[in-house]
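# An overview of the molecular structure
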Amino acid sequence: MSAHSHVDGQLPHEPEKATLEGRNKVLGFWLFLGGETVLFGTLFSAFLALRDQVGDGNPTSQELFQLPLVAAATFILLTSSLTSVFAIQAMHTNRVKSMLNWLILTVLLGAGFLGLEIYEFYHYVHEGHGFTTSAFSSSFYTLVGFHGAHVAFGVFWITMLIVQTFRKGLNTTTAPKIYVAGMYWHFIDVVWVFIFTVVYLMGKVG
Amino acid sequence: MDWLTTVDHKKIGILYLIAGGFFFLIGGLEAILIRIQLWRPLNDFVSASTFNELLTMHGTTMIFLAAMPLLFALMNAVVPLQIGARDVAFPFLNSLGFWTFFFGGVLLNVSWFAGGAPDAGWTSYVPLASPLYSEGKGVDYYVIGLQIAGIGTLIGGINFLATIINMRAPGMSFMRMPMFTWTVFITSALILFAFPALAVGLVALMFDRLFEANFFNVNNGGNTVLWEHIFWIFGHPEVYILILPAFGVISEVISTFSRKRLFGYSSMVFATVLIGFLGFMVWAHHMFTVGLGPVANALFSIATMLIAVPTGIKIFNWLFTMWGGSIRFTTANMFAVGFVPTFVMGGVTGVMLASAPADYQYHDTYFVVAHFHYVIVGGLILGIFAGLFYWWPKMFGRMLNETLGKICFWLFFTGFHLTFFVQHFLGLMGMPRRIYTYLDGLGFNNMNLISTVGAILMGLGTIAFLINIVITSMKPKNAAYDPWEDGRTLEWTIPSPAPEYNFAQTPLVRGYDAFWKEKMEGKNAMTPAEPLGPIHMPSPSILPFIMSIGLFIAGFGLMYHQHIITIAGLVITFGCMFTRSVKDDHGFHIEPDELHDKGVKA
């Protein structure tokens, strides 16, 4: 019932599910991710419908995409998923300091990914692949940009959680928030795996 | 001020009722203006362009700003009570959902005063809705207003799913849940999976209109059929989102006023789930004439007709519930009983439309208009009226006047059938939908006149309901716990209106129709599942209101390309999110000795 049902230092094994509020938050977030799946599913459908609509004289995906750069971005983002797992593991064993370190590393990797994406977009625009160039470019920037916006939001969010944990410590109020942010981070990683496959690999060879 | 900050689901239900009712009146007024324009051939009551705006705003308002909020009003007022919960899972988000819906709706209607309302139909088909053909700001208001309102709906859906899964009273298994709660559960799942698709469609259209993207711009490789797919993969489930809770209301009302257990409860649950599933499988039946090909048309035809099976199960279960019952014709039950044949008629024309070859004949005629008004007005609105008359005492502590209620029923019911029954024949005779006038001598005159008279009767019925509300609100609050005396479910075990903590002690549920079961064993109260103790309550908050205002401001900035205003609006919204996140709010407790007379004041 109460948010203060634990004694300091004796965190329950799964602190994110120790209170009804926490359980609601985790369940509600799973449901939210269900909605996000439809959101990205629709964006993917739109992209697949339009990806060959390049128009005359505009660069195609084969000419545009550079797999080494995208592979590096993928590697960075997937690693950040691993570090967020370590953070949640540390949370479950009540090692607050270790958890914070892993979260900070996650945020840094996320920011690194964003940096590469911004560079990539900048590069494409100089190749003549602007947002308004063709149906392909509009759907490309919308899909990949939506994902990028999700990453940016996640970076901001987890940073705020780190600050909060520094001030308030780990308890049954902050634990569900961190756990849920971890779920979010995995979700945007999974979406990226699909983007890597459907947008980049299929765009290069398919 | 209290109403701006409330997080109490019962008060939010009342807010939804007021706002949804207000938009219902606006949408109804638009409908009556449409009918006045069409009452005789070559009428010039409104101009063609105004007619397009009226038509678009009537559809958009009724679906998004009237029907859905009125359903959310009933959901908020009833679902936590029916499952024996003290609250919803996310009281803060519940309030946020209301305010985003409200400001999205206001934004849409501001368009009337800002140089023209949306005029591309409620489906906003491209290229008609593209910047090329719809030059004014109208469709911009549509994409942004609906986007903001849609956020609210999505939040509401998630909230009810989590509430129903996590917060049922001890003993309330899924197969003991009241039928209305079941239908809300499935509807919420549909909302969760349908609204994000609409969000993407609206974003794409917004990008096309405001930032010169090419999703639907054929000159640059865009695809207009893509819009139709995205819109209907949302839009078809949407009609089931609307009708399923009405089914739930009808199940409750008919069972209560027949003094019988709902016939075939488990088949009702099965039918609800199946309708929810099939609702997602049939979107392309709106697109038979697009040219998807015979295979796609055949598959979507069959899938569509399949929906008649679970719907038929429901119809027969209602009939068998009434069969042999001792039926009381209260106003609520008259609406419920009137619903059954009306909805069957709407369903039958649905099966007719589901036949792809026949659809080539019916397509874009008044036959389609008649069909969907039979299911949405004859189904949903009759269901909402039934639910409002039934639960009004639980929401406000006062019984609505029965005589006025019956006047309302007969005016509305007669008016409805007058308006829409003849439209089937207008459609078969070839009168196209969405036209602002027609020539004399086509044989359309008389039936259009009848239709207009019917619409005015429906308006009078609505006025009778408003008078009823006014008269009722002047009477003392003296409704009993169980004012219909045949209440079967948990909401009738607590005072009318419900206290802010709902249940002083969480009830122990021992079977389906929990309260009825106790009554049959000679008790008049539930067995508590816990000792009397302090009750934890969430604190009220102004943040949801401010967050929604932030989105409202950002919407204007986007439309008029004032990026500073957009950013300022978003800063307000995100600032509130930030405040909410860092400021821990543990709520407050109501102690056992305060547990008396804390009813909702309205």
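A quick note: this is a predicted structure, and the numbers were derived from the prediction, not measured.

### A few points about the overall build of chain B
- Along its length, chain B carries 18 helices and 2 strands.
- Here the C-alpha atoms of chain B give a radius of gyration of 24 Å, agreeing with the 25 Å that 2.2 N^0.38 yields for 602 residues.
- Once the C-alpha set of chain B is aligned to its principal axes, its extents read approximately 70 × 60 × 50 Å.
- For chain B, the proportion of its 602 residues judged to be buried stands at 61%.
- As presented, chain B carries roughly 21,500 Å² of accessible surface, and 70% of it is formed by carbon and sulfur atoms.
- Positive and negative charge centroids in chain B, built from 30 and 33 side chains respectively, lie 9 Å apart.

### Describing the interface of chain B and chain A
- With 35 residues of chain B in contact, the opposing surface of chain A contributes 37 residues.
- For the pair chain B and chain A, the two sides together bury roughly 3,100 Å², of which 71% comes from carbon and sulfur.
- Where chain B touches chain A, the interface holds 0 salt bridges.
- Our enumeration of links across chain B and chain A arrives at 8 residue pairs in polar contact (both at pLDDT 80 or more).
- For the side of chain B that touches chain A, the elements supplying multiple residues, two or more each, are helix H5 (138–166), helix H6 (179–211), helix H7 (224–257) and helix H18 (563–582) of chain B.
- The leading source of residues in the side of chain B that touches chain A is H6(B), at 9 residues.
- Considered class by class, the residues forming the side of chain B that touches chain A number 24 nonpolar, 9 polar and 2 charged.

### Examining the UniProt feature "transmembrane region" (unreviewed entry) in chain A
Residue and element names in this part refer to chain A.
- Mapped onto this numbering, the UniProt entry gives "transmembrane region" (unreviewed entry) at residues 27–49, 69–88, 100–119, 139–163 and 184–203.
- Measuring from the first to the last C-alpha atom of residues 100–119 gives 29 Å, for a span that is 100% helix and 0% strand.
- Regarding residues 139–163, the helix share stands at 100% and the strand share at 0%, and the terminal C-alpha atoms are separated by 36 Å.

### Here we look at the pattern of salt bridges
Residue and element names in this part refer to chain B.
- Overall, the coordinates contain 16 salt bridges over all chains when judged by the stated rule.
- The salt bridge involving Arg433 is made with Asp364; its shortest N-O contact spans 3.7 Å. Of this pair, Arg433 sits in the loop between helix H14 (402–428) and helix H15 (445–473) while Asp364 sits in the loop between helix H12 (356–362) and helix H13 (366–396), and the two are 69 residues apart along the sequence.
- When its relative accessible area of 31% is taken as the criterion, Asp364 is described as partly exposed.
- Among the salt bridges present, the one from Lys406 reaches Glu402, with a minimum N-O distance of 3.9 Å. In this pair, Lys406 and Glu402 both sit in helix H14, 4 residues apart, roughly one turn of the helix.
- Under the relative-accessibility criterion, Glu402 is labelled partly exposed at 25%.

### Focus on a nonpolar patch on the surface
Residues and elements named next belong to chain B.
- Judged by side-chain polarity, Ile456, Leu460, Ile463, Ile467, Val470, Ile471 and Met474 come together as a nonpolar surface patch covering roughly 630 Å² of accessible area.
- Note on placement: Val470 falls in helix H15.
- For Val470, a relative accessible area of 48% corresponds to the partly exposed category.

### Focus: the environment of B:Phe195
Residue and element names in this part refer to chain B.
- Mapping Phe195 onto the fold places it in helix H6.
- A C-alpha to C-alpha distance of 27 Å links Phe195 and Phe339, two positions 144 residues apart in sequence.
- If near-sequence neighbours (up to four positions away) are discounted, Phe195 is found in contact with Phe64, Met68, Gly150, Thr153, Leu154, Phe234, Glu238 and Ile241.

### Observations regarding the packing of H7(B) against helix H10 (residues 308–322) of chain B
Residue and element names in this part refer to chain B.
- Remark: H7 packs on H10, axes separated minimally by 9 Å, with the N-to-C direction vectors making an angle of 15°. The angle between H7 and H10 falls in the class roughly parallel. Where H7 crosses over H10, the handedness of that crossing is left-handed. Residue-level contacts link Phe247, Ile250, Ser251, Ile254 and Ser255 of H7 to Thr311, Lys314, Trp318, Thr321 and Met322 of H10.
- A class-by-class count of the residues in the contact of H7 with H10 yields 5 nonpolar, 4 polar and 1 charged.

### Brief notes about the nonpolar core
- Counting residues in each nonpolar core, the largest one holds 227 residues, and the members touching the most others are A:Phe140, A:Tyr200, B:Trp318 and B:Leu380.
- Per-element accounting of this core gives the leading share, 22 residues, to H6(B).
- Setting aside residues up to four positions removed in sequence, B:Leu380 forms contacts with B:Ala67, B:Leu71, B:Leu242, B:Ile243, B:Ala246 and B:Val375.
- The next biggest cluster of nonpolar side chains, apart from the first, holds 13 residues, and it includes B:Val46, B:Leu426, B:Met431 and B:Tyr438.

### Remarks on unusual backbone geometry
- Omega for the peptide link from B:Val126 to B:Pro127 comes to 0°, which places this bond in the cis form.
- Across the junction of B:Ser496 and B:Pro497, the peptide omega takes the value -10°, indicating a cis bond.
- Checked against the element boundaries, B:Pro497 lands in the loop between H15 and helix H16 (514–520).
- For A:Asn94, which is not glycine, the phi dihedral falls at a positive 60°.
- By the secondary structure assignment, A:Asn94 is in the loop between helix H3 (67–92) and helix H4 (96–126).
- Even without glycine at this site, B:Asn502 takes up a positive phi of about 65°.
- When you line up the elements, B:Asn502 lands in the loop between H15 and H16.

### Remarks on helix H17 (residues 543–559) of chain B
Residue and element names in this part refer to chain B.
- Here H17 contains 17 residues, and its C-alpha end-to-end distance of 25 Å stays within 8% of the 24 Å for a straight helix at 1.5 Å per residue.
- Counting buried positions along H17 yields 12 of 17 residues, so the element is predominantly enclosed.
- Where H17 is concerned, the buried positions are Leu543, Pro544, Phe545, Met547, Ser548, Gly550, Leu551, Phe552, Ala554, Gly555, Gly557 and Met559.
- Residues of H17 that are buried sit in contact with helix H1 (2–5), helix H4 (91–110), H5, H6 and H18.

### Description of the packing of aromatic side chains
All names here are of chain B.
- Tallied over the full model, the rule gives 85 aromatic pairs over all chains.
- Here Phe335 and Phe385 contribute two aromatic rings whose centre-to-centre distance is 5.0 Å and whose plane-to-plane angle is 15°, an arrangement assigned as stacked. Of this pair, Phe335 sits in helix H11 (residues 331–354) while Phe385 sits in helix H13, placing them 50 residues apart in sequence. Across this residue pair, the class does not change: Phe335 and Phe385 are buried.
- The residue whose ring lies beneath Arg488 is Trp516, and the NZ or CZ to ring-centre distance is 4.3 Å.
- Of note, Arg580 hangs over the ring of Phe92, and the distance from its end group to the ring centre comes to 3.9 Å.

### Regarding the environment of B:Trp112
All names here are of chain B.
- Structurally, Trp112 is set in the loop between H4 and H5.
- Spatially, the C-alpha atoms of Trp112 and Tyr141 are 9.8 Å apart, while their sequence positions differ by 29 residues.
- In this view, Trp112 contacts Glu30, Glu53, Leu54, Met57 and Ala117; residues no more than four positions away in its chain are not counted.

### Thoughts on the packing of helix H3 (residues 48–82) of chain B against H13(B)
Residues and elements named next belong to chain B.
- The interhelical angle for the contact between H3 and H13, taken along N-to-C directions, is 35°, at an axis separation of 10 Å. As H3 packs across H13, the resulting crossing turns out to be left-handed. Here His58, Ile63, Ala67, Leu70, Leu71, Ala73, Leu74, Ala77, Val78, Leu81 and Gln82 of H3 come into contact with H13, specifically with His373, Ile376, Leu380, Ile384, Gly387, Leu388, Trp391, Lys394 and Met395.
- A breakdown of the residues in the contact of H3 with H13 according to their chemical character gives 15 nonpolar, 4 polar and 1 charged.

### Examining the side chain of B:Thr256
All names here are of chain B.
- Locating Thr256 in the fold gives a position in helix H7.
- In terms of polar contacts, Thr256 uses its side chain to reach the backbone carbonyl oxygen of Glu252, at 2.8 Å.
- Leave out the neighbours within four places in its chain, and Thr256 touches Tyr390, Asp486, Gly487 and Arg488.

Reading guide: rules and limits
Residues numbered from 1 in each chain as written. Chains lettered and ligands numbered in written order. Predicted model: local features only at pLDDT ≥ 70, side-chain atom pairs only at ≥ 80, totals over all residues. Heavy atoms only, no water. Helix = DSSP H or I, 4+ residues; strand = E, 2+ residues; numbered from the N terminus. Rg over C-alpha atoms; globule rule 2.2 N^0.38 Å. Buried < 20%, exposed > 50% of the residue type's maximum accessible area, 1.4 Å probe, protein only. Areas by Shrake-Rupley, 256 points an atom, 1.4 Å probe, with all protein chains shown as cover. Lys, Arg positive; Asp, Glu negative; His and termini not counted. Charge placed at Lys NZ, Arg CZ, Asp CG, Glu CD. Contact = heavy atoms within 4.5 Å. Buried area = accessible area lost by both parts, 1.4 Å probe. Salt bridge = Lys/Arg side-chain N within 4 Å of Asp/Glu carboxyl O. Polar contact = N/O pair within 3.5 Å; in protein donor to acceptor, adjacent residues only side chain to side chain. Nonpolar A, V, L, I, M, F, W, Y, C, P; charged D, E, K, R; others polar. UniProt positions renumbered as here; feature names shortened; annotations may be inferred. Patch = residues over 30% accessible without salt bridge, like charges linked within 9 Å, V, L, I, M, F, W, Y side chains within 5 Å. Axes fitted to C-alpha atoms, helices over the stretch in contact; angles between N-to-C directions. Parallel < 35°, antiparallel > 145°, perpendicular 65-115°, else oblique. Left-handed = near helix turned anticlockwise from the far one by under 90°. Core = buried A, V, L, I, M, F, W, Y, C linked by side-chain atoms within 4.5 Å. Expected span 1.5 Å × (residues − 1). Phe/Tyr/Trp six-rings, centres within 6.5 Å; stacked < 30°, edge-to-face > 60°. Lys NZ or Arg CZ within 6 Å of the ring centre and 35° of its normal.

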